[in-house]
Amino acid sequence: MAVSYREDRMNKILPPSFYRRKTLFVAKNLLGKYLVRKIGKKNIAGKIIEVEAYNGPKDLASHASRGKTKRNEVMFGDPGHWYIYLVYGMHFCLNIVTEKKGYPAAVLIRSVETESGEINGPGRVCRSFKIDLGLNNAKAFGKEAELWIEDRGEKIGKIKRTPRIGVDYAKDYKDKLWRYSR
DNA sequence: AGATTGATCCAT
DNA sequence: TGGATCAATCTG
């Protein structure tokens, strides 16, 4: 039984259940998946090659470590939604919310590989994919999604685990090996 | 190494 | 309400 083009496309989009699991597991398993941005009739896609996990209320590197605020409330919500914020007054950062509602966690998309080359850095990823606060709290699944992640069946090789970038203030959490890259 | 940039957060 | 801070990037 052949599936329609639409069903085939839908089947590759990661469902909320993918994100509902442990944040470190989700982070590692996002490598090799494709970030896809719908702009009008066109899609931009890039293979995810670097991420960071921000894992729970005790993670001092996480925005959520000082409780829920207007900015970070999306992290406390349902998995499979985008958490986007402005850093340094200039750049946007894209995160996908993980784990069950009430447990604040997310994975930051740091770098992708497109057909025209690598895009390194969360600010550059957002600029290239035309991502801003308008997508904050948007769903990363379903037919209305404008931004989602697909499994295209590609395997990733050896995964590197390194400390997260720019979190020197995070005391005993600053050296956690929660940055994953290929 | 230094400048940029402005929303956010918390201590006054 | 003020001022330090910031999950970054660019230029020199």
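Residues numbered from 1 in each chain as written. Chains lettered and ligands numbered in written order. Predicted model: local features only at pLDDT ≥ 70, side-chain atom pairs only at ≥ 80, totals over all residues. Heavy atoms only, no water.

Participant: Is there a simple way to explain helix α3 (residues 23-30) in this structure?
Facilitator: For α3, every residue scored as buried is listed here: T23, V26, A27 and L30. Summarising the axial view, the buried residues of α3 lie within an arc of 100°, below the 170-degree limit, and thus occupy one face. For α3, the secondary structure elements touched by its buried residues are α2 (16-19), β2 (42-55), β4 (91-97), β5 (105-114), β7 (147-150) and β9 (179-181). Immediately downstream of α3, the backbone of G32 shows phi near 90°, a positive value. (Buried < 20%, exposed > 50% of the residue type's maximum accessible area, 1.4 Å probe, protein only. Helix = DSSP H or I, 4+ residues; strand = E, 2+ residues; numbered from the N terminus. Arc of directions from axis to C-beta. Contact = heavy atoms within 4.5 Å.)

Participant: Help me out: how do you make sense of the nonpolar core in this one?
Facilitator: In a soluble, globular protein the nonpolar side chains are often hidden away together inside. Of all hydrophobic cores here, the largest spans 45 residues; its most connected members are L30, L35, V51, W82 and L94. Contributing elements (two or more residues each) for this core: α2, α3, β2, β3 (82-87), β4, β5, α4 (122-128) and β7. I13, Y34, A145 and W148 belong to the second largest nonpolar core, which has five residues in total. (Core = buried A, V, L, I, M, F, W, Y, C linked by side-chain atoms within 4.5 Å.)

Participant: For this particular structure, what's the right way to read the protein's contact with DNA strand B?
Facilitator: Inspection of the region around DNA strand B gives R66, T69, R71, Y88, G89 and M90 as its neighbouring residues. Among atoms of DNA strand B positioned within 4 Å of the protein, sugar and phosphate together represent 47%. Within the backbone of Y88, an N or O atom sits 2.6 Å from a base oxygen of DNA strand B. G89 places a main-chain nitrogen or oxygen 3.1 Å from a base nitrogen of DNA strand B. When grouped by side-chain class, the residues that make up the surface near DNA strand B number two nonpolar, two polar and two charged. (Near = heavy atom within 4 Å. Polar contact = N/O pair within 3.5 Å; in protein donor to acceptor, adjacent residues only side chain to side chain. Nonpolar A, V, L, I, M, F, W, Y, C, P; charged D, E, K, R; others polar.)

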